[in-house]
Amino acid sequence: MRKKIVAGNWKMNTSIQEGVELAKAVAAGAAGTPENVGLIVAAPFTHLASVAEVLKGSKVELSAQNCADHEKGAYTGEVSVGMLVSAGCSWTILGHSERRQYYGETDEKLVVKTRLALEAGLGVILCVGENLEQREEGKHFEVVTSQIENVLFNFTAEEMSKIVVAYEPVWAIGTGKTASAEQAEEIHACIRKVLAGKFGEEVAQDTTILYGGSCKPSNAKELFAQEDIDGGLIGGAALKADDFLAIACSY
Ligand code: PGA
């Protein structure tokens, strides 16, 4: 049975002090969320070690939002997977659309980063999703399929057990415009079919596929009720512990 996960992506928000307070509130409320729902918070790099301390002993796992595409060395300003592990992370988000859009993250680079993350023992939340123009041109299935093929087809069925996919339509991120449950479900089902074609039905059925894009307490229940939606990657609503926990309680 695949795992259900609700993950919060704090993006470039909060001071360390605010992040620690937010993590405390999430950790305190985590015990009241359904046992079968895993919780993850993806904090900024600077916050990771402090937030890790706060999360100790709770079921909430820690994630980074990105990692370097090299193991170590002369790459000024970058943060390696080894550093993330030493800060207490067990996950990293990779390929978020904001990174693809603003920082030139390519599928090729994501293959390298995913490999480094897995080798370091991190789980990977790989984001995929079409932008508005691609959706309007009816290319959404094609775009998402090629992102999945370009990155994940380089890995083995065994490695897939450490990878979570997050479908995040770019036009729904931070816009208040959520994909309808039907729109999300048809892409999630498509992703699972593409994975089944490459890795077999069992791996596809075991892969957690999250929805992200203006997910909030008021729409999470309907989204999570879909057969192929296994939880959410939450941006804005993850900055309020109550909202984040309420989303986790939508199962
Ligand atoms: P949002 O962001 O929930 O604020 O739309 C989701 C994400 O980008 O992960």
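All figures in this text were calculated on a predicted structure; none of them were measured in a lab.

**Student:** Residue-level account of unusual backbone geometry, with values.
**Tutor:** The backbone phi angle of Thr-14 is positive, close to 80 degrees, even though this residue is not glycine. Mapping Thr-14 onto the fold places it in the loop between β1 (4–9) and α1 (16–30). Residue classification places Thr-14 among the partly exposed positions, given a relative accessible area of 26%. A positive phi is found at Ser-214, a non-glycine position, where the angle reads about 55 degrees. Turning to its location among the elements, Ser-214 is positioned in the loop between β7 (209–212) and α11 (217–224).

**Student:** An account of the site of the ligand is requested, with residue identities and associated values reported.
**Tutor:** As a matter of local geometry, the ligand sits amid Asn-9, Lys-11, His-96, Glu-168, Ala-172, Ile-173, Gly-174, Gly-213, Ser-214, Leu-233, Gly-235 and Gly-236. When the free accessible area of the ligand is taken as 280 Å², the share hidden by the protein chains comes to 95%. One can see that the ligand is located within the second largest pocket. Looking at the shell around the ligand, its residues break down into 3 nonpolar, 7 polar and 2 charged.

**Student:** Can you tell me about the sheet that holds β7, naming the residues and giving the values?
**Tutor:** Ordered in space as β1-β2-β3-β4-β5-β6-β7-β8, the 8 strands form a closed barrel in which the pairing is parallel. The mean angle between the axes of side-by-side strands here comes to 30 degrees, regardless of whether they run parallel or antiparallel. The strands that helix α2 (residues 48–55) touches are β2 (37–42) and β3 (60–64); relative to β3, the one it contacts most, it runs at about 170 degrees.

**Student:** So what's going on with the environment of Glu-185? Which residues, and what values?
**Tutor:** Tracing the chain through its elements places Glu-185 in helix α9 (residues 181–199). In this structure Glu-185 comes out as buried when scored by relative accessible area, which is 14%. With 39 residues separating them along the chain, Glu-185 and Phe-224 place their C-alpha atoms 9.5 Å apart. Setting aside chain neighbours within four positions, we find Glu-185 in contact with Gln-226, Glu-227, Asp-228 and Ile-229.

**Student:** Before we move on, could you go through the nonpolar core and cite the residues and values that matter?
**Tutor:** Core analysis: the biggest nonpolar cluster contains 74 residues, and Val-6, Val-41, Leu-62, Ile-148, Leu-152, Ile-191 and Tyr-211 have the highest contact counts within it. At 9 residues, α9 tops the list of elements feeding residues into this core. Beyond its immediate stretch of four places on either side in the chain, Ile-191 contacts Val-128, Val-144, Ile-148, Val-165, Tyr-167 and Ile-209.

**Student:** Which residues make up the packing of aromatic side chains, and what are the values?
**Tutor:** The final tally for this structure, using the stated rule, is 4 aromatic pairs. Residues Phe-224 and Tyr-251 carry aromatic rings whose centres are separated by 4.8 Å and whose planes lie at 15 degrees to one another, so their mutual orientation is stacked. On the criterion of sequence distance, the pair formed by Phe-224 in helix α11 and Tyr-251 in the segment after α12 (241–248) is long-range, its members being 27 residues apart.

**Student:** Could you give me a rundown of α9, with the residues and numbers involved?
**Tutor:** Compared with an ideal rise of 1.5 Å per residue, which puts 19 residues at 27 Å, α9 spans 26 Å between its outermost C-alpha atoms and is within 8% of the ideal. Within α9, the full set of buried residues consists of Ala-181, Ala-184, Glu-185, Ile-187, His-188, Cys-190, Ile-191, Arg-192, Val-194, Leu-195, Ala-196 and Phe-199. Looking one or two places after α9, you find Gly-200, whose phi comes out positive at around 100 degrees.

**Student:** Before we move on, can you summarise the layout of surface pockets with the specific residues and values?
**Tutor:** Quantified by volume, the largest pocket comes out at close to 450 Å³. Around the largest pocket sit 14 residues that line it, and Lys-11, Met-12, Gln-65, Arg-99 and Tyr-103 are the ones nearest its centre. With 3 residues, helix α4 (residues 97–102) is the largest single contributor of residues to the lining of the largest pocket. For the lining of the largest pocket, the residue count by class is 7 nonpolar, 4 polar and 3 charged. In this structure, the second largest pocket occupies an estimated 230 Å³ of space. Forming the boundary of the second largest pocket are 19 residues, of which Gly-174, Ser-214, Gly-235, Gly-236 and Ala-237 lie nearest the centre.

Cut-offs and rules
- Residues numbered from 1 in each chain as written.
- Predicted model: local features only at pLDDT ≥ 70, side-chain atom pairs only at ≥ 80, totals over all residues.
- Heavy atoms only, no water.
- Helix = DSSP H or I, 4+ residues; strand = E, 2+ residues; numbered from the N terminus.
- Buried < 20%, exposed > 50% of the residue type's maximum accessible area, 1.4 Å probe, protein only.
- Near = heavy atom within 4 Å.
- Areas by Shrake-Rupley, 256 points an atom, 1.4 Å probe, with all protein chains shown as cover.
- 1 Å grid on protein atoms, 1.4 Å probe; cavity = no way out; pocket = protein on both sides within 12 Å on 5 of 7 lines; lining within 4 Å.
- Sits in = over half its atoms within 2 Å of the grid points.
- Nonpolar A, V, L, I, M, F, W, Y, C, P; charged D, E, K, R; others polar.
- Pairing = 2+ DSSP bridges.
- Axes fitted to C-alpha atoms, helices over the stretch in contact; angles between N-to-C directions.
- Contact = heavy atoms within 4.5 Å.
- Core = buried A, V, L, I, M, F, W, Y, C linked by side-chain atoms within 4.5 Å.
- Phe/Tyr/Trp six-rings, centres within 6.5 Å; stacked < 30°, edge-to-face > 60°.
- Expected span 1.5 Å × (residues − 1).
- Points joined across faces, edges and corners; volume = space filled by probe spheres on them.

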